[in-house]
Amino acid sequence: MSRDWDAATYDRVSEPQVEWAAEVLGRLPLRGDETVLDAGCGSGRVTRLLLERLPAGHVIAVDSAPSMVEHARATLGDRATVFRANLTELELEQPVDAVFSNAVFHWIAEHQRLFERLFAALRPGGRLVAQCGGAGNVERFHRAADAVGSESPYAAYLAGWTGPWNFAGPDETAARLRHAGFVDVEAWLEPRPVAPPDPSGYLGSVCLGYHLERLPEELRACYVEAVRERCGRELDYVRLNITARRP
């Protein structure tokens, strides 16, 4: 299940994702001349951090959302090759030295297929370093969103809808990675609560996009505000960290 995003708003409100990404990038050893796949590049804001680590290298940046690809392509320049692709169908002309991904995998239902395609994208010895939403991620927030969605006038569009999210645990993730062929696999959870400075903009762009697609235009803003009031200031993020290597 995929959708387009408001790339400009996401670029403006995605400071939490950028902070997480900087830490995840610290786990990826790079000389600076490699070719690295940014698997789910979003608006390109995090990709710029990756490019700083690759002064003589190159980034292949892919995303499934047309507006994200357009925004990233306009801002990254010729050191990044940016194109639209679903990661579960990814085909690269040449293998890459490493795969990096931040805040993406929980939007993908088929993790086994995802890891198989990323394994195929890597050269022998190449590393996968990633972080996404994991088991328990934003549970309190989703309870608030579901509670508001069960009330009139939103219930006609949202009641009983479970959404597209896939918040996997570390054990099942490690097993899938090994099944795909990876070795030196590590996967662990990390609580990372966030209080976004622009709650309405953040919720509407990052957290409630799929909800809003199901609602008529005239109900969207009031739904975001109702959820914001119900869920409180802090979002209960739990991140799933992943490191693995293709032998």
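The rules behind the values
Along each chain, the written sequence defines residue order, and numbers are assigned to residues from 1. Residues qualify for local features only when their pLDDT is at least 70, as the model is predicted, and side-chain atom pairs are given and counted only at 80 or more; totals for whole chains, interfaces and linings, by contrast, use all residues. Each side-chain value is worked out from all heavy atoms of the structure, with water and hydrogens disregarded. A run of H or I in DSSP counts as a helix once it spans at least four residues, and a run of E counts as a strand once it spans at least two, with each numbered from the N terminus. Between buried and exposed lies partly exposed: a residue is buried under 20% and exposed over 50% of the maximum accessible area for its type, with that area taken using a 1.4 Å probe on protein chains only. It only takes one pair of heavy atoms within 4.5 Å for two residues to be counted as in contact. Surface accessibility in these figures is a Shrake-Rupley result with a 1.4 Å probe; residues are shielded only by whichever protein chains are displayed. Positive residues here are Lys and Arg, negative ones are Asp and Glu, while His and the chain termini are left out of the count. Think of each charge as sitting on NZ of Lys, CZ of Arg, CG of Asp or CD of Glu. In this analysis, strands are considered paired if DSSP registers two or more bridges between them. Place the viewer so that the strands point away; then a crossover is right-handed whenever the path from the first strand over the helix to the second strand goes clockwise. Any pair of Phe, Tyr and Trp rings, taking the six-membered ring for Trp, is counted once the centres come within 6.5 Å. Such a pair is stacked with planes under 30 degrees apart, edge-to-face with planes over 60 apart, and tilted for the rest. For a ring to carry a charge above it, either NZ of a lysine or CZ of an arginine must fall within 6 Å of the ring centroid while also lying within 35 degrees of the normal to the ring plane.

### Re the overall build of the chain
At step 1: The helix and strand tally for the chain stands at 11 helices and seven strands.
At step 2: Across its three principal directions, the C-alpha atoms of the chain cover 55 × 40 × 30 Å.
At step 3: Residue burial in the chain is summarised as follows: out of 247 residues, 55% are buried.
At step 4: Residue pairs at least 24 apart in sequence account for 78% of intrachain contacts in the chain once pairs closer than 6 positions are excluded.
At step 5: Total accessible area on the chain stands at roughly 10,700 Å², and carbon and sulfur atoms take up 47% of it.
At step 6: Each charge sign in the chain was given a centre, from 27 positive and 35 negative side chains, and these centres are 3 Å apart.

### So, the environment of Gly 163
At step 1: Along the chain, Gly 163 turns up in the loop between helix 7 (155-158) and helix 8 (170-180).
At step 2: For the pair Gly 163 and Val 224, spaced 61 residues apart in the sequence, the C-alpha separation amounts to 16 Å.

### Focus on the pairing of strand 2 (residues 58-63)
At step 1: Where burial is concerned, most of strand 2 is hidden: five out of the six residues are buried.
At step 2: Alignment of strand 1 (residues 35-39) against strand 2, held across five bridges, turns out to be parallel. Residue pairing for strand 2: Thr 35 is matched across the bridge by His 58.
At step 3: With helix 3 (residues 45-52) bridging strand 1 and its parallel neighbour strand 2, the resulting β-α-β unit is right-handed.
At step 4: As paired elements, strand 2 and strand 3 (residues 80-84) share five bridges and run parallel to each other. Paired with Ile 60 across the two strands is Thr 81, which belongs to strand 3.

### Details of the packing of aromatic side chains
At step 1: Under the counting rule described, the total for this entry stands at seven aromatic pairs.
At step 2: With centroids separated by 6.5 Å and ring planes inclined at 85°, the aromatic side chains of Trp 165 and Tyr 210 adopt a geometry described as edge-to-face. Of this pair, Trp 165 sits in the loop between helix 7 and helix 8 while Tyr 210 sits in helix 10 (residues 209-214); the two residues are 45 residues apart in sequence, bridging distant segments of the chain. The pair Trp 165 / Tyr 210 is uniform in exposure class, with both members buried.
At step 3: We note Arg 239 situated over the ring of Trp 20; from NZ or CZ to the ring centre the distance is 4.0 Å.

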